Each structure stands twice: as C-alpha cells, then as structure tokens.
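What follows is the residue order along each chain.
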Amino acid sequence: MEMDKDKSQQVDLDEMSEDSMSPDMNLEAALKECCTALNLFLNNRFSDSLALLKPWKSHSMYHAMGYSSILVMQAGMTFEPKDMNAAMASLGESLQTCQRFRKKTGIVETLTSLWSRQPADNLTEEEMHAELCYAEILLQKAFLTFLDESIIGFIKGGMRIRNSYQIFKDCQALANVTEDMEKQRSMYVHFKGGVNMGIGSFNLMLSLLPSKVLRLMEFLGFSGDREIGLSELREGAAGNSLRSILSTLTLLMFHLYITVILGTGEGNLTESEALLEPYMEKFPNGALILFYTARIALLRGNFTFAQEKFLACIAAQEEWRQIHHLCYWELMWAYSFEQNWREAYRYADLLCKESKWSQATYTFQKAAILSMMPEEEVIELGENVGEIFRQVEGLRLRIAGKSIPTEKFAASKARRYSSSTPGKLVVPALEMMYVWNGFSVVGKRPALTKNILTTLEKAEEQLNDDQNPSVYHVDDQCVVQLLKGLCLRQLGHLEQAELCFNHVISSENNIKHDNYLVPFSMYELGLLHKQKGDFNTAITTMENIKTNHKDYNMESRLHFRIHATLNTMGSFSAKCPPSRTPA
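Residues numbered from 1 in each chain as written. Predicted model: local features only at pLDDT ≥ 70, side-chain atom pairs only at ≥ 80, totals over all residues. Heavy atoms only, no water.

If you tally the helices and strands in the protein, you get 30 helices and two strands. Counting the 583 residues in the protein, one finds 55% classified as buried. The contacts in the protein between residues at least 6 apart in sequence include a share of 67% that link residues at least 24 apart. Just so you have it, the protein exposes about 26,500 Å², and 53% of that area is on carbon and sulfur atoms. (Helix = DSSP H or I, 4+ residues; strand = E, 2+ residues; numbered from the N terminus. Buried < 20%, exposed > 50% of the residue type's maximum accessible area, 1.4 Å probe, protein only. Contact = heavy atoms within 4.5 Å. Areas by Shrake-Rupley, 256 points an atom, 1.4 Å probe, with all protein chains shown as cover.)

In this section: the pattern of salt bridges. Should their charged atoms come close, side chains of opposite charge can pair. All told, the structure shown has 28 salt bridges when counted by the stated rule. In this structure, the salt-bridge partner of Lys484 is Glu460, at a minimum N-O distance of 3.1 Å. Here Glu460 lies in helix H24 (residues 446-464) and Lys484 lies in helix H25 (residues 473-490), a separation of 24 residues in the sequence. For the residue pair Lys484 and Glu460, the accessibility class agrees, reading buried in each case. A single network of salt bridges, built from pairs that share partners, joins Asp349, Lys353, Lys366 and Glu383. (Salt bridge = Lys/Arg side-chain N within 4 Å of Asp/Glu carboxyl O.)

For the rest of this paragraph, the subject is helix H22 (residues 428-435). Of all eight residues in H22, eight are buried, a share of seventy percent or more. Among all positions in H22, only Pro428, Ala429, Leu430, Glu431, Met432, Met433, Tyr434 and Val435 are buried. Positive phi shows up at Asn437, right after H22, with a value of about 60°.

For an α-helix the count is 3.6 residues per turn, leaving residues at separations of three or four pointing the same way. With 13 residues, helix H11 (residues 226-238) extends 18 Å between its outermost C-alpha atoms, agreeing within 8% with the 18 Å of an ideal straight helix rising 1.5 Å per residue. Looking at H11, one finds that the buried residues are Gly229, Leu230, Glu232, Leu233, Gly236 and Ala237. Burial along H11 is one-sided: seen end-on, the buried residues are contained in an arc of 165°. Turned more than 90 degrees away from the buried face of H11 sit Glu227 and Ala238, all of them exposed. Where H11 begins, one side-chain oxygen reaches toward the backbone nitrogen of Glu227, 3.0 Å away; that side chain belongs to Asp225. (Expected span 1.5 Å × (residues − 1). Arc of directions from axis to C-beta. Polar contact = N/O pair within 3.5 Å; in protein donor to acceptor, adjacent residues only side chain to side chain.)

This brings us to unusual backbone geometry. Outside of glycine, negative phi angles account for most residues, and trans bonds account for most peptide bonds. Positive phi, normally seen in glycine, also occurs at Asp551, with a value near 60°. Residue placement: Asp551 occurs in the loop between helix H28 (535-548) and helix H29 (555-568).

Once that is clear, we can look at the packing of aromatic side chains. Using the criterion set out here, one finds 20 aromatic pairs in the structure. Residues Phe46 and Trp320 carry aromatic rings whose centres are separated by 4.5 Å and whose planes lie at 20° to one another, so their mutual orientation is stacked. Remark: Trp320 occurs in the loop between helix H15 (303-316) and helix H16 (321-337) and Phe46 occurs in helix H3 (residues 46-53); sequence separation between them is 274 residues. Assessed through its relative accessible area of 2%, Phe46 is described here as buried. For Trp320, a relative accessible area of 3% gives the class buried. (Phe/Tyr/Trp six-rings, centres within 6.5 Å; stacked < 30°, edge-to-face > 60°.)

With that settled, consider the packing of helix H2 (residues 27-42) against helix H4 (residues 61-78). The contact between H2 and H4 brings their axes to 8 Å, and the two run at 25°. Taken together, the axes of H2 and H4 are roughly parallel relative to one another. Every residue of H4 that contacts H2 at Leu27, Ala30, Leu31, Glu33, Cys34 and Phe41 is listed here: Met61, Tyr62, His63, Ile70 and Met73. When grouped by side-chain class, the residues that make up the contact of H2 with H4 number nine nonpolar, one polar and one charged. (Axes fitted to C-alpha atoms, helices over the stretch in contact; angles between N-to-C directions. Parallel < 35°, antiparallel > 145°, perpendicular 65-115°, else oblique. Nonpolar A, V, L, I, M, F, W, Y, C, P; charged D, E, K, R; others polar.)

Counting through the fold element by element, His549 comes out in the loop between H28 and H29. Residues His549 and Val518, 31 residues apart in the sequence, show an inter-C-alpha distance of 8.8 Å.

Right, let's talk about the side chain of Lys192 for a bit. Here Lys192 is to be found in helix H9 (residues 188-207). Since its relative accessible area comes to 14%, Lys192 is described here as buried. Sequence-distant contacts of Lys192, that is, excluding residues within four places in its chain, are made with Ala175 and Glu235.

Turning to the state of the cysteines, a few remarks are in order. One pass over the structure, following the stated rule, counts zero disulfides. Cysteine Cys487 is unpaired, with the sulfur of Cys500 as its nearest cysteine sulfur at 9.4 Å. Residue class for Cys487 comes out buried when judged on its relative accessible area of 1%. (Disulfide = S-S within 2.5 Å.)

Turning next to the confidence of the model for the protein. Per-residue confidence for the protein gives a mean pLDDT of 87, with 87% of residues at or over 70. Of all secondary-structure elements in the protein, the lowest mean pLDDT belongs to helix H1 (residues 2-15), at 41, while H15 reaches the highest, 98. Note on residues 1-22: pLDDT under 50 across the span, and 20 contacts to partners over four residues away in sequence or across chains. Overall, residues 572-583 carries pLDDT values under 50, and its contacts beyond four positions in sequence, including any with other chains, amount to 25 contacts. (pLDDT = per-residue confidence, 0-100.)

On the surface, Leu216, Phe219 and Leu220 cluster together into a nonpolar patch covering about 340 Å² of accessible area. Inspection of the secondary structure puts Leu216 in helix H10 (residues 211-219). (Patch = residues over 30% accessible without salt bridge, like charges linked within 9 Å, V, L, I, M, F, W, Y side chains within 5 Å.)

This part takes up the packing of helix H13 (residues 269-282) against helix H14 (residues 287-299). Each pair of packed helices can be summarised by the angle the axes make with each other and by the distance between the axes. Interaxial distance between H13 and H14 falls to 10 Å at its minimum, and their mutual angle equals 155°. Of the possible angle classes, the one that applies to H13 and H14 is roughly antiparallel. Note on packing geometry: the crossing formed by H13 with H14 is left-handed. Counted together, Leu269, Ser272, Glu273, Leu276, Tyr279 and Met280 of H13 and Ile289, Tyr292, Thr293, Ile296 and Leu299 of H14 form the full contact between these two elements. (Left-handed = near helix turned anticlockwise from the far one by under 90°.)

The next subject is the environment of Leu381. Relative to the helices and strands, Leu381 is located in the loop between helix H19 (375-380) and helix H20 (385-391). Overall, the relative accessible area of 23% leaves Leu381 in the partly exposed class. Beyond its immediate chain neighbours, meaning those up to four positions away, Leu381 contacts Arg342, Tyr345, Leu370 and Met373.

Here we come to the side chain of Asn203. Inspection of the secondary structure assignment puts Asn203 in helix H9. Within the structure, Asn203 has its side chain in polar contact with the backbone oxygen of Ile199 (distance 3.0 Å). Those residues in contact with Asn203 that lie beyond four places of it in its chain are Ser223, Gly224, Asp225, Arg226, Ile228 and Gly229.

See below:
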C-alpha cells in the first residue's frame, strides 16, 4: 500500500511544472506542500523532495528554506566545493525570498528597533513566519561561512549567528504575545514549533560551553540554559509541526553524539528511543531513522544489532552516498570495540577512498588499525603502515584558519614515523578510541573490556622487556597506563585504576611528546573520585586541571568534558548563571 502511494506521488512529481501550478501559493498551501517534501526526504526520496520544492523556491519562503536546507545538509556531508557553492548561492536566494515577505519598516522605525529590540506585535501571520524562516536560513549560512578558511569568514559567521539568535528571540516574544489569538489557527503550530527549535537549539548548544566562554557569550547578548534548551526542544519534538523532526534530530544529536564526545559519555538513550519510535513506525526504511536506531544500539553495547542496522541503512538508499560514509565510521568503531581489526580496517579503508570529510583522521585511523594487526596480515593486505602514517600531515584541513583538534592530535602522533628517530606507536587504535570516548561505550560489555585490558597488558609487558628503549618509551608507557586505568575503572577495580592514573601524573616531568596525558589522567582520576562518592576531591581535581595545565593537545575537548562533569556534581562554577560565575 505504501509503495503504491509512493508511486502515485512520483507520477505527480513527474507531471509537475511551475506553469501547471496554481498562480498563488499561500502560506497554508506552502506549509502543506513542504510537509509532503519532508515525508519524501525521510523516505529516502531526496531528489523527489528537491523537485517538489524547486519550482516555488523563488516565490515561497518555506519552499526556499526547505530547498536550501537540503542543499546545506548535502554540502555538510560531502565537503565538495561545488556543493558548498551551490548551497551558499541557494541560501542567498532564500534570504532574498524571505526578505520580500518581512515587514517593511521606515528609517525611524528601523533605528528604534535597533536601539530597543522590541518586537512588533502588529505583524501579519505571513510576516511572522518570514522572520522565522529568515532566522533559520541566516543560521545555516553562518554554518557554511564558518567553513571558509579565513578569519573574515569566521567574523561573518559570528555576526550572522548573533543576528539569527536575536530574530529567534523576537519570534519567541511574538509567539507569547499572539498565543491566545493565534493558537486556534492551523499555521500557529508551525510558527511555535520553529520558535521551540530555534530557542531550544541555541540554549542547549551554548550551555555546553565552559563558564568563561559562556560569560563572554552572555555579554554579547546570548543565553545558554540547558534546561530551557531541552524543554523547548522537547515541546517542539512533541508537537505536530513542520519542524518537529528538526527538534527531534537536535535532541538525538545531543544525546547520541555531543554528550558522548564532549560530555560525560552518558547520553539519555531512553529518551532517544522514545523520540525515534513514531518515526520508526512511519518511516521504517528511512536512512536517517535506521542510522539513529543503530547508533542507540551501539551506545547500549549491542554491537551485533548495531552492525545489522548500519548495514540496513546502507542498503536502504544509494542516492546520498554520504550517509553510507557515516555508517562506515560507526561500523569501524563497532568492530574496533570487538577488536575485530580486519573488519574495522575494511571500513576505515572505504572512508579513505570515498569520504572527503576528514582525510587526515581517516588515514590515521586506517594506519592505527593496521598497527593492531599481525605483521603478516598487514603484508597480505599490501599495506605499509609507516607510509600511511606519513601521509597524515599533508591531509589536514583548516576551518576558519584553525586546525581541527582531532586532526592536529592525529598528525602529532603520526609525526613519530617521519622523525629522525622513527618509532612505532604502541596501541594507536585504542588511544583513538579514548579520544572519541569509546571506552565509555565498550565499558557496557565487561567481556570485551577484559579483552582490551589483556591487549594493554601485553603491550605493557613488551615495553617493560624492551632492552633498547626509544625516546618515546615513557610516553608509550603512560599511554598504556591511562588506557589500563580506564578498563580497570569500568570493571570496578578502582584502587588498581587509581594507581594507573597516578603513575601517569607522577611521570609528568619525563613525558616528552604526549602533553595531553597528564591533564586527561587527572580528569579520569576525578571521575574515579566521583564514582567513589567523593565529590569534593573530584571537583578539586578537575578545577586544578583548568588552573595548572595549558596548551596541550585536545585542551578544548577536555574543558568541555570537565564542564559537563562538574554540572553532574552540582559544582558552583558550572551550575550558576555565567554572570555570577567566579573568575
């Protein structure tokens, strides 16, 4: 039945042209047609969705926004210059389309609004929606501008974000003012849903920032309250608006990625499953839905089921190969958690060959996985580990003139193979697993954690037996001790884990290259104290990192994790509003 419905929609799309459509596309009709386009998109019919939106993208704000949003998503996944340029051009056209529907103001009214920022309460319904669409498109344009490799691009992006945020705030005030009058109208739910999504996303993402940065953002007019952010997004996701799926996807991204990589490693998987459930029923073969279903299974430690769902996601569509690349990345880690290095290598190799997103990271990952395999197996595959590591430095990207932290870390590790005294990395795939907070995932499976501990103990034994230690010897020993401590803590052996972390911390003066090891070991020691219930020692340990350690690899990532952890313990410096946070 569903297939017949899809076929009939396909016929309609094929016969559609701008000349054959109604000469007038009012707001209600536009919203209805964009909901149809969204359903096509979630059913993997990406081209059909674009085809439905394209004829009206110069005449309807919602068609313009929908069309541009798909191109931005595509550009963000491909990183191809032609896709980036197409998305940026479309965004510019969409802003012009929205501008035509925004309230026209005279010079005096414009100056007054710039001074007081009081939202007008006499906007028409169409003008209200135009403000909302304009803010969303401006935010997307800011995102693409950040990918420009210049400080000018960075400044432009920042200004657009501030402008977008202020318009969302104005729309929120409008929604509150007009709620009683408008809530009976079918289109109000779409406006309110957009406000929920915009205000919620801004508050949630800004709440992740460390306190000092958040104080600066507050000075610039932003606010970052996590509870407000979550509340707004939950309200948006529970509604029945065009943007409900965007609120849902933002919450899923927060729970399943951001809190794992930049937080404590513990996303709200129960809420994620509840958010996804209605879409699983409506779009059972939707690539995005299958992808997030698999991601939840992975974080629960159900690696076999996750692998099956990622493969189903790959099989679901061929049009957007970039979704395949996301699955390759996840499959690489799913097999790495099991130390099935041959399968992990397969997906790392596919990423190197097909994806443009971060070639330096993929190449390092491929070489790191090969380093975990027996030498004869590497030879059988026709690979040269040292040669692959030496390629990493030349593949690095710069965004807004800055290095990507993970690529910078990978290049610093790979540099060992290009030095005058080259040496092998000890357990690079497990070290990168830690960088992505993978030990919090594999920790759900004690048997697999024990297997990784066995691998680390063998590496430790080899280092101890080394009769001719290299200049990297102490660094390598400390890498192993840090990772051993993680496994032991996951397995509940807290005293042994504490010895491992303290070993690294006490070796600070002898570590020559891996300057991240001591602050990260202190952080893990703080987590151990938290696990034991000694919150005061945990907080003191983490505050000491911020005070006494600077300029090490992945410093920002650790500060994000510290901020998230302090939040869970009710630390004053993390909990109180930025304006009252002690310096």
